Amino acid sequence: MSSIEYSAEIAELLGRVRRRPTAGWPWRPGELVPPGLPVKQSWGWLFAPDGRVLTLVNPRDGVVSLPGGSLEPEDAGDPGLALAREAGEEAQALIAAPQYLGYLYDRVGSANGGHECARVRMAAALRAVGPTAPDPASGRHYRRLLVAPGLAVELLGWGTPGLHQARAAVAAAALRFGVPAAANETIEELPVDGCVVFPGWS
């Protein structure tokens with residue numbers, strides 16, 4: 001097995017990664033959210049042309065996340081609009097129209113005042129990122145890494161359910177965006193000044 005390539009600076013950052021405990025929400029691949037079950041969050045697997053995905057690392061606490069977050073009134077109940085907005089706020093990312101993958105059923109409803117809710121997962125092409133900036137909602141200033149989907153699952157601490165999500169995302173991205181099923185395994189930090197990632201995709 002070949003070693004994963006990354007810089008000494010990234011090695012130092014990854015050495016501080018702290019994984020959140022898994023919540024155990026059941027994954028509903030390909031299923032539409034049932035009527036009456038509110039969608040409270042939307043998170044995305046955002047793909048580069050070589051099959052890697054964007055992950056965000058908070059250097060202050062080491063927590064890793066995918067771009068995404070809670071739906072706001074301006075999203076008009078649309079998880080795709082929420083993902084595009086959150087990706088822009090958190091990662092200064094511009095994405096193509098997202099593809100729905102499924103949802104996680106949150107019976108306890110920690111994102112919905114103790115009432116059951118859905119947490120949607122989507123896939124999209126990562127078109128570009130702008131200059132890095134703090135998230136206006138939280139003040140967090142994320143480091144932006146491109147990593148293989150399987151490694152993203154490991155960094156997120158999502159275990160086997162996360163692997164099922166990643167496989168669904170890779171299958172969708174390979175079909176829709178033409179990315180390889182076996183991603184480049186180099187870990188790369190995106191430039192602080194921004195760059196084009198997936199040129200020409202709309």
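Everything below is about the structure shown above.
Values in this document were obtained by computation on a predicted structure and should not be read as measured data.

(A) The pairing of strand 7 (residues 99–106), seen in detail. Burial within strand 7 is extensive, with six of its eight residues counted as buried. Where strand 1 (residues 27–29) and strand 7 come together, three bridges link them in antiparallel fashion. Across the sheet, the residue bridging to Arg28 is Tyr103, located in strand 7. Of the strand pairs in this sheet, strand 7 and strand 8 (residues 117–129) are connected by seven bridges, and their pairing is antiparallel. Counted as the bridge partner of Tyr103 is Val120 from strand 8.

(B) Examining the pairing of strand 9 (residues 143–147) more closely. Here strand 9 lies mainly inside the structure; five of its five residues are buried. Where burial is concerned, the two faces of strand 9 agree: the one with Arg143, Leu145 and Val147 and the one with Arg144 and Leu146 are both buried. Pairing of strand 3 (residues 53–57) with strand 9, which is carried by five bridges, proceeds in the antiparallel orientation. In the sheet register, Thr55 faces strand 9, and the bridge partner there is Leu145. Where strand 9 meets strand 10 (residues 188–189), two bridges bridge the pair, whose relative direction is antiparallel. By the bridge assignment, Leu145 is partnered in strand 10 with Glu189.

(C) Local environment of the side chain of Ser65. One can find Ser65 in strand 4 (residues 64–65). The exposure class of Ser65 is buried, given its relative accessible area of 10%. Leave out the neighbours within four places in its chain, and Ser65 touches Trp43, Thr55, Leu56, Tyr142 and Leu156.

(D) Structural detail: the pattern of salt bridges. Applying the stated criterion to the full structure yields 10 salt bridges. When the shortest N-O distance is used, the salt bridge between Arg85 and Glu74 registers 4.0 Å. Here Glu74 lies in the loop between strand 5 (68–70) and helix 2 (79–91) and Arg85 lies in helix 2, a separation of 11 residues in the sequence. Classification of Arg85 as buried rests on a relative accessible area of 16%. Its relative accessible area of 56% is what places Glu74 among the exposed residues. One salt bridge in this structure joins Arg143 and Glu189, with 2.5 Å as the shortest N-O distance. In this pair, Arg143 is assigned in strand 9 and Glu189 in strand 10, connecting sequence segments 46 residues apart. The network of salt bridges with shared partners includes Glu74, Asp75, Arg85, Glu86 and Glu89.

(E) Representation of the side chain of Ser42. Relative to the elements of secondary structure, Ser42 occurs in strand 2 (residues 39–47). Residue classification places Ser42 among the buried residues on the basis of a relative accessible area of 0%. A distance of 2.9 Å separates the side chain of Ser42 from the backbone oxygen of Pro79, its partner in a polar contact. Non-local contacts of Ser42, meaning those with residues more than four positions away in its chain, are made with Gly68, Gly69, Leu71, Pro79, Ala82, Leu83, Val120 and Met122.

(F) Representation of the nonpolar core. Within the largest apolar cluster, 33 residues are counted, with the highest numbers of intra-cluster contacts made by Trp45, Phe47, Leu145 and Val147. Of all the secondary structure elements, the ones that give two or more residues to this core are helix 1 (8–14), strand 2, strand 3, strand 7, strand 8, strand 9, helix 3 (149–156) and helix 4 (159–177). By residue number, the principal contributor to this core is helix 4, which donates six residues. With near-sequence residues (within four places) excluded, Leu145 lies in contact with Ile10, Leu13, Leu14, Val53, Leu54, Thr55, Val57, Ile187, Glu188 and Glu189. One finds Leu46, Ala87, Ile95 and Tyr105 within the second-largest nonpolar core, a separate group that totals 22 residues.

Definitions and cut-offs
All chains use their own residue numbering, which begins from 1 and follows the written sequence. For this predicted model, a pLDDT threshold of at least 70 governs which residues receive local features, and a threshold of 80 or more governs which side-chain atom pairs are given and counted, while totals over whole chains, interfaces and linings are taken from all residues. Note that water and hydrogens are dropped before the side-chain values are worked out from all heavy atoms of the structure. Think of it in three bands: residues with accessible area under 20% of the maximum for their type are buried, residues over 50% are exposed, and the middle band is partly exposed, with areas taken using a 1.4 Å probe on protein chains only. Numbering of helices and strands starts at the N terminus; helices are DSSP runs of H or I of at least 4 residues and strands are runs of E of at least 2. By definition, two strands form a pair when at least two bridges between them are found by DSSP. Contacts are residue-level and defined by heavy atoms, with any inter-residue pair within 4.5 Å sufficient. We count a salt bridge whenever a side-chain nitrogen from Lys or Arg sits within 4 Å of a carboxyl oxygen from Asp or Glu. Two N or O atoms count as a polar contact when they lie within 3.5 Å, although within protein this holds only if one can serve as hydrogen donor and the other as acceptor, and sequence-adjacent residues are included solely when both atoms are side-chain atoms. The nonpolar core is taken to be a set of buried Ala, Val, Leu, Ile, Met, Phe, Trp, Tyr and Cys residues, with the residues joined through side-chain atoms within 4.5 Å.

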